[in-house]
Amino acid sequence: MKRLGILLLTALIGIGLAQEDTLRVLLSSELTTLDPQITTDTDSAAVRYQIYNGLLKMTESGEAVPDLAESWEISEDGTQYTFQLRPGVTFHDGAPLNAQAVKASFERLLAEDRDTSASAYFKPIVESVEVVDDLTVRFTLNEPFAPFLNTLAHPAGHIVSPLAIEQYGEELGMHPVGTGPYQFSEWVRGERLVLERFDDYFEGPAPMAAIEYRIIPEAATRVALLETDEADIILRVTPDEAKRLAQNPEIKLETTPTARAMFMAINMTREPFDDKRVRQAINHAVNVREIITALFGEEVPQLDSPLAPGVFGYNPTRTYEFDPERARELLAEAGYEAGDISIDLWSPSGRYVQDATVAQAVAQQLEAFGFDVNLRLFGDFSEYIEVAFVEDRGDMMLLGWSPSTLEAEGGLYQILHGDHANKFANNSGFDNPEFNRLIEEARSMTSEEDRLAAYAQAQEIVMEEAPWLFLYPQPVITAMRANVHDVVILPSEHLVLREAWKE
Amino acid sequence: MYLARRLLEIIPVLFAVTFIVFVSVRLIPGDPARTIAGLEASAETVRAIREDLGLDQPLLSQYVVFLKNAIGGDLGESYYYGTEVVDEVLRRFPATLLLAISGLAVSVLVGMFVGTLSAVNKGSLMDRGTLIFAIGGISMPSFWLALILIIIFAVKLQWLPAGGYGTWQHLVLPAITLGLFGAGTIARLTRSSVLEVLRQDYVRTARSKGLPGQVILLKHALKNALIPVITVLGLQLGAFLSRAVVTETVFGWPGIARLTVTAVLDRDFPLIQGTVLWLAIVFIAANLLVDLVYSLIDPRIRYA
């Protein structure tokens, strides 16, 4: 009871921060953990970008570039990666960054009893990590895995202080220690998280004294807080709100197409969708360009590959243009008329940007074409994935898929390879032997050129076979005060504030 | 004696609450392991997480384990955050308590003030205005009211912050949002009980003795009008809590009501069980408190 009283009192008094030196960011959902080796949810991982570094980091164009590693060599057979570490780097707790520390961090991640979404990135591929000398560390893989560098650049590969591992163990999530430009200061769960500048950062001190993240679940409130200058940056603004905010000279908006391909998986295991011509007809029957323009504007492209631009290995092939005539021809060839076909169209509501609106627009257009469409919206994403992936599937399902390593492998293998057909997550039931072979070969190719060629061919096959209704790369709109600069939104949707500053 | 019996009655109620919650959260579709692992995770990862959480065990044995631990004060670890549920609940509760008390204060003060004013000026324009206020307060959705308050007082006038937590200014709009709902009901109740009391013989006696009207109103009428108000507060606690969910979400208030909603969306079973159990305890305690307060205000009410 006494403890409650004290808590109540501190709640009343409150704590203020000097605002000029603090970058104030509003998040929509609770942060899970600051331990990079547990979960990989976007918001928590985005916060961790300020605290930790990886051996490599991702650029805005989806390229893996040096971060803690200065250079690397890959063995002939593609199974050994030897990294030269940047000298003179220290963790926030004073521990030096060396090969030993990298080994300790990865050993924790690869530990046998660790089965987390973060460890899943490395466990299946990394056999061992060894110290060559103080600043040289070598990774040995089970078999050649070409996307390895991009995988290292994923936040799951962030390097954790060896001292902190010893001191905090599984409590590390509440006491994160890395080498990043900001160090952990305070976290009141559900309310705010504060990071402070780390003065000994290897690239020189960060521009801001502190970054404060606050959790405001309601979108309208986030917008109001930005307008009243109680926040500097808000994420995932809806197009409607963006239109209103665009009138305000104190606020600027940035629309970033991400690596998340939005599509509707067409259930190929059912008649008549097992016929390629029917799937192509569906693609020609919907005016995707019109939907995109109405909702997001001209700058968001229509998908011309199962991968979004910005993913390594992306190769533009072709788009299905709106052509009802062609659609009718294709249907006739397959022996159908639009009126014969009924489509159960499923969509989540609130998971992706404007998902329900897009699903409604698509349903409307398919109806106008003559199909008999039953639209079902799911308000709860947990329910959607359970019903959709386990129990039953509709005929068409709206999904967004982002290869988190920003690699063709991640965008094609899990969601289109025959091994995953009809199971999570290949919801179309797509199983094309030629495509499967290309993907399998590509992952162990040591020549980048060959690998890109294989992926390009694989993408052609997908476009031709049309297991999806191809939509667009999901755009995210970020709104910030006009005096905020150098905010980076990666194609992986992570908000990176390592260099952000405000006037 | 009475208190002891009431306290004993709580045990089976809590028992039933835990059981219903335990079973019902497992009936809603959605797999916690899948939610934790993320959409992109492989089936193997999901299976490993499920085993790790004990979700592969039979339901009954899961419940027995939960009960055994709960009796020892251990509500388990949140799936999503990996922290102790008890800590999480206690950390979040003060914010909700603060909001609830302030909301209640707004309800009672505004409601009784408006209600009394209306009773004293019965049949006037003000009286009719009160009726509109009362109906409005009850029927206005909190969500809508909250956004209107934000637009007027935060965005346009810039008097108060639009959301967040920390200073007393942050408390004003959420407390009004939560409080106005109860205020309407209380205003109407106060009006009718004040009118009722003003008709009583002892009031007439007091008046004929020459006591000033204000004294009669404050000492006699209002005190009697309190009884139904308290009853209503007790009855409305459930509605109050559900309004708190919306209020906390809109204003970004880090309370337990919002925590419960997030826990449900995340399929964080231990956290759902913990928050609901805690809210049940609060609910029961509040009702008990209401009953005890009765006897303090009205000595005629005695519990055997």
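The following refers to the structure shown. Please read these numbers as outputs of a predicted model, since none were measured by experiment.

1. Considerations on the packing of aromatic side chains
According to the stated counting rule, one finds 27 aromatic pairs over all chains in the structure shown. Aromatic side chains A:Phe263 and A:Trp468 sit 3.5 Å apart centroid to centroid with 10° between the ring planes, which places their arrangement in the stacked category. Of this pair, A:Phe263 sits in strand S12 (residues 251-266) while A:Trp468 is found in strand S16 (residues 468-481), placing the two residues 205 residues apart along the sequence. The burial state of A:Phe263 is the same as that of A:Trp468; both residues are buried. Consider the rings of B:Tyr165 and B:Trp253, whose centres lie 4.6 Å apart with planes at 85°: the pair is edge-to-face. In this pair, B:Tyr165 sits in the loop between helix H7 (142-156) and helix H8 (168-198) while B:Trp253 sits in the loop between helix H10 (213-251) and helix H11 (256-266), placing the two residues 88 residues apart along the sequence. By relative accessible area, which is 1% here, B:Trp253 ends up buried. An aromatic cluster is present here, built from A:Trp72, A:Tyr81, A:Phe83, A:Phe106, A:Phe122, A:Phe139 and A:Phe148 joined pairwise through their rings. In this structure, A:Arg189 is placed above the aromatic ring of A:Trp187, and the distance from its NZ or CZ to the ring centre is 4.6 Å. The side chain of A:Arg443 reaches across the aromatic face of A:Tyr413, ending 4.3 Å from its centre.

2. Some details on the pattern of salt bridges
Tallied over the entire structure, the rule returns 36 salt bridges over all chains. In this structure, the salt-bridge partner of A:Glu30 is B:Arg92, at a minimum N-O distance of 3.2 Å. Remark: B:Arg92 occurs in helix H5 (residues 85-120) and A:Glu30 occurs in the loop between strand S1 (22-27) and helix H2 (42-51); the pair is interchain, linking two chains. This pair shows no difference in class: A:Glu30 is buried, exactly as B:Arg92 is. In this structure, A:Asp275 and A:Arg277 form a salt bridge, with 3.0 Å as the shortest nitrogen-oxygen distance. On the basis of relative accessibility, which here comes to 16%, the residue A:Asp275 falls in the buried class. Put simply, A:Arg24, A:Asp229, A:Asp232, A:Glu250, A:Arg481 and A:Lys502 are held in one network by salt bridges that share partners.

3. Some words on the interface of chain B and chain A
Quite often, the size of an interface is put as the accessible area lost when its parts meet. Taken together, the contact pairs 49 residues of chain B with 46 residues of chain A. Contact between chain B and chain A buries roughly 3,900 Å² in total, counting both sides, with carbon and sulfur atoms accounting for 62%. Where chain B touches chain A, the interface holds four salt bridges. Taking the shortest distance from any N to any O, the salt bridge between B:Arg258 and A:Glu30 comes out at 3.4 Å. Run the count over chain B and chain A and you get nine residue pairs in polar contact (both at pLDDT 80 or more).

Thresholds, definitions, all that
- Residues numbered from 1 in each chain as written.
- Chains lettered and ligands numbered in written order.
- Predicted model: local features only at pLDDT ≥ 70, side-chain atom pairs only at ≥ 80, totals over all residues.
- Heavy atoms only, no water.
- Phe/Tyr/Trp six-rings, centres within 6.5 Å; stacked < 30°, edge-to-face > 60°.
- Helix = DSSP H or I, 4+ residues; strand = E, 2+ residues; numbered from the N terminus.
- Buried < 20%, exposed > 50% of the residue type's maximum accessible area, 1.4 Å probe, protein only.
- Lys NZ or Arg CZ within 6 Å of the ring centre and 35° of its normal.
- Salt bridge = Lys/Arg side-chain N within 4 Å of Asp/Glu carboxyl O.
- Contact = heavy atoms within 4.5 Å.
- Buried area = accessible area lost by both parts, 1.4 Å probe.
- Polar contact = N/O pair within 3.5 Å; in protein donor to acceptor, adjacent residues only side chain to side chain.

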